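What follows is each chain in one-letter form.
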Amino acid sequence: MVRRRKSRRALSRRQRAVLIGISLIGTALLIWLDRDFVAPRWSALFSERQQDFAADMAKYHGRTFPVVQVIDGDTLCLDAADSTQPVTKVRLIGIDAPEIGGDESMYFAREATTFARHVVLDREITVYLDQQAGSRDRYGRLLAYLQLPDGRFLNEELLSQGFAYADTRFRHGYYQKYQQLEASARALKEGLWARVQPGQMPPWRQQKLAEPD
């Protein structure tokens, strides 16, 4: 009986030693991966984004450019070369205007586009970037606030007059203010808010409305 107890006790100690050894090896492996693979990869990506933002700040922030094309209410082109492109495509920060798409245009897309064209096409506007939003979206478009010659911002005009939705998918420096501007336009039934139905809103907005409170 004594020998069996010793054997079991010895086996239990060996098992614990093996488990401890495996744990130490696993910990060492994770530390190595974090040091030699994960950390450098994310560090390089973060550094690259910082460099891109700094370059865009130097080129665009606070500078004035003519608007040469209005694609829709929240997307337009500036007369400034961007990488291999002859113009710089800009996506307005913090808003989502209905999109033009031929016969499949969204509700109030043509009205929003017409308004933007009337306000900025062939005019000089001043570009401002936002570090919180970043300087580029996933399509490579410049993210910006555009100031009109009279001091107003196109982003805010589109919101307050009911030509766009406050885009709550992405954070930026005026996140709360833009939601308030939309709320005011909605209460006054400005622009699209006079008759828009949930099914006519952008998919992300419809999804948000469907979410439980």
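Quick caveat, the model's predicted, so the values are computed rather than measured.

Criteria and cut-off values
Residues numbered from 1 in each chain as written. Predicted model: local features only at pLDDT ≥ 70, side-chain atom pairs only at ≥ 80, totals over all residues. Heavy atoms only, no water. Helix = DSSP H or I, 4+ residues; strand = E, 2+ residues; numbered from the N terminus. Expected span 1.5 Å × (residues − 1). Buried < 20%, exposed > 50% of the residue type's maximum accessible area, 1.4 Å probe, protein only. Arc of directions from axis to C-beta. Phe/Tyr/Trp six-rings, centres within 6.5 Å; stacked < 30°, edge-to-face > 60°. Pairing = 2+ DSSP bridges. Axes fitted to C-alpha atoms, helices over the stretch in contact; angles between N-to-C directions. Contact = heavy atoms within 4.5 Å.

Trainee: Give a detailed account of helix α2 (residues 109-120), specifying residues and quantitative values.
Mentor: Its 12 residues place the ends of α2 17 Å apart at the C-alpha level, agreeing with the 16 Å of an ideal helix rising 1.5 Å per residue. Among the residues making up α2, those that are buried are A109, A112, T113, F115, A116, V119 and V120. One side of α2 holds all its buried residues, which, seen down the axis, span an arc of 160°. Exposed residues lying more than 90 degrees from the buried face of α2 are T114 and H118.

Trainee: Just give me the short version of the environment of G151, but keep the residues and values in it.
Mentor: Mapped onto the fold, G151 is located in the loop between β6 (142-147) and α3 (154-160). Taking the relative accessible area as the measure of exposure, G151 reaches 34% and is therefore partly exposed. Once the C-alpha coordinates of G151 and I125 are considered, the two residues, 26 residues apart in sequence, prove to be 9.5 Å apart.

Trainee: Kindly report on the packing of aromatic side chains, identifying the contributing residues and their values.
Mentor: Counted according to the given criterion, the structure contains 9 aromatic pairs. Aromatic side chains Y60 and F65 sit 5.8 Å apart centroid to centroid with 55° between the ring planes, which places their arrangement in the tilted category. Here Y60 falls in the buried class, since its relative accessible area comes to 0%. Ring geometry for F115 versus F163: centroids 4.5 Å apart, planes at 15°, classification stacked. With a gap of 48 residues between them, F115 in helix α2 and F163 in the loop between α3 and β7 (165-166) connect regions that are remote in the sequence. Both residues of the pair, F115 and F163, count as buried.

Trainee: Kindly report on unusual backbone geometry, identifying the contributing residues and their values.
Mentor: Although it is not a glycine, S83 adopts a positive phi angle of roughly 60°. With respect to the helices, strands and loops of the structure, S83 is situated in the loop between β2 (75-78) and β3 (88-92). Here S83 falls in the exposed class, since its relative accessible area comes to 72%. The residue D122 is not glycine, and still its phi comes out positive at about 65°. Structurally, D122 is set in the loop between α2 and β5 (124-128).

Trainee: Tell me what's going on with the sheet that holds β5, and back it up with residues and numbers.
Mentor: Taken in spatial order, the 5 strands of this closed barrel run β1-β2-β3-β6-β5, and their pairing is mixed. The mean inter-strand angle of the sheet, taken between neighbouring strand axes irrespective of direction, is 60°. Here strand β1 (residues 64-72) runs beside β5; their pairing, made up of 3 bridges, is antiparallel. Residue F65 lies in a different strand from β5, and its bridge partner there is I125. Packed onto the sheet, α2 meets β1, β2 and β5 and runs at close to 160° relative to β1.

None of this, on its own, says anything about what the molecule does.
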